[in-house]
Amino acid sequence: MADFLRLGVNVDHVATVRNARGGRHPDPVHAAKLAIAAGCDGITAHLREDRRHIRDDDMARLKAEITKPLNFEMAATDEMVKIALATKPHAVCLVPEKRTERTTEGGLDAAGQKAHLRPAVQAFTDAGIRVSLFIAAQHAQIEAAVELGAPVIEIHTGAWCDALADGNTAQAAIEWNLIKAGAHFAKGLGLEVHAGHGLDYASAETIAALPQIAELNIGHFIMGEAIFDGLDKTVKLMRAAMDRGRKKAVS
Ligand code: PXP
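Remember, predicted model here, so these are calculated numbers, not experimental data.

1. Looking at the environment of Asp27
1) Next: Relative to the elements of secondary structure, Asp27 occurs in the loop between α1 (12-21) and α2 (28-37).
2) Next: Sequence spacing of Asp27 and Gly196 is 169 residues, and the spatial spacing of their C-alpha atoms is 23 Å.
3) Next: With sequence-adjacent residues up to four places away left out, Asp27 is seen in contact with Val14 and Arg61.
4) Next: Of the polar contacts made by the side chain of Asp27, one reaches the side chain of Arg61; its length is 2.7 Å.

Written out as structure tokens, the structure reads:
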């Protein structure tokens, strides 16, 4: 029997909608509380350098007010490391960040940026904050996470989800095989394996069948669906999709 698969809900896009008008509504902290009440296992928020959605005050309020673990997504810059150390979240997820991108478009180049990432990984480890690296499911990146001493990786599922959405089944099969092999390889090296980016009900159900994966982090689809169905129902339907998938997992 595979272990329980956790659902982390990313509330960034509640803040995106709020910021479109300024002011305080809709509040990402309120969304986080509703998602927790609906049964998610943690909340993720990304404090970007340009503060385009989540703001410093949101992160502080999330930490103070939510009753489930907070996963602080961030670029490994001096500014963000300082804020995250002061916030003391349950976990940080280090991601690449470019001002011009619409979202986190590619995985972190952990293999090519070891010298840059090492002090941040060390600082969080010393502070007792679990570190995850958001990387592509490539052996070199996974091995770099081990070398850096990060206990967790989050596999970037964006290319797979894009291929599925485009109906490009050949590319989707290639990306899926990379994810499957990467999850297996990483778990074999002793890493905890998470996954996320672009997941919807169908892809979450599919990936939930990989027993090596311990957590999915999902934002855009959940917040988009919540416009039609409400956040409570959407989180519950996502949970159900993940549970259906996990039942198919063969350890
Ligand atoms: N995990 C990480 C590390 C991310 O950067 C993102 C996007 O912010 C997600 C998960 C969630 O992706 P999506 O919003 O497409 O579900």
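Having seen the model, we can carry on.
2. Digging into the site of the ligand
1) Next: In the region of the ligand, 15 residues are neighbours, and Glu73, Glu154, Gly198, Gly219 and His220 sit closest.
2) Next: Within the contact set of the ligand, an oxygen atom lies 2.8 Å away from a backbone nitrogen or oxygen of His220.
3) Next: Of the residues assigned to the shell around the ligand, the class counts are four nonpolar, eight polar and three charged.

3. Some words on the nonpolar core
1) Next: Leu94 and Leu133 are the most contacted members of the largest nonpolar core, which has 76 residues in total.
2) Next: Setting aside residues no more than four positions away along its own chain, Leu133 makes contact with Leu94, Leu108, Ala110, Val121, Ala145, Leu148, Ala150, Val152, Ile153 and Glu154.

4. Description of the packing of helix α7 (residues 158-165) against helix α8 (residues 169-188)
1) Next: Two numbers describe how α7 lies on α8: the axes approach to 8 Å, and their chain directions differ by 155 degrees. Between α7 and α8, the angle is such that the two are roughly antiparallel. Classified by chirality, the crossing of α8 by α7 is left-handed. Judged by residue contacts, Ala159, Trp160, Ala163 and Leu164 of α7 engage Gln171, Ala172, Glu175, Trp176 and Ile179 from α8.
2) Next: Split into classes, the residues belonging to the contact of α7 with α8 amount to seven nonpolar, one polar and one charged.

5. A few points about the packing of helix α10 (residues 220-229) against helix α11 (residues 231-247)
Between two packed helices, both the angle of their axes relative to each other and the distance between the axes serve to describe the pair.
1) Next: The contact between α10 and α11 brings their axes to 7 Å, and the two run at 130 degrees. Of the possible angle classes, the one that applies to α10 and α11 is oblique. The handedness of the crossing between α10 and α11 comes out as right-handed. Contacts between α10 and α11 involve Phe221, Ile222, Met223, Glu225, Ala226 and Asp229 from the first element and Leu231, Lys233, Thr234, Val235, Leu237 and Met238 from the second.
2) Next: Tallied by class, residues from the contact of α10 with α11 come to eight nonpolar, one polar and three charged.

Rules used in this analysis
- Residues numbered from 1 in each chain as written.
- Predicted model: local features only at pLDDT ≥ 70, side-chain atom pairs only at ≥ 80, totals over all residues.
- Heavy atoms only, no water.
- Helix = DSSP H or I, 4+ residues; strand = E, 2+ residues; numbered from the N terminus.
- Contact = heavy atoms within 4.5 Å.
- Polar contact = N/O pair within 3.5 Å; in protein donor to acceptor, adjacent residues only side chain to side chain.
- Near = heavy atom within 4 Å.
- Nonpolar A, V, L, I, M, F, W, Y, C, P; charged D, E, K, R; others polar.
- Core = buried A, V, L, I, M, F, W, Y, C linked by side-chain atoms within 4.5 Å.
- Buried < 20%, exposed > 50% of the residue type's maximum accessible area, 1.4 Å probe, protein only.
- Axes fitted to C-alpha atoms, helices over the stretch in contact; angles between N-to-C directions.
- Parallel < 35°, antiparallel > 145°, perpendicular 65-115°, else oblique.
- Left-handed = near helix turned anticlockwise from the far one by under 90°.

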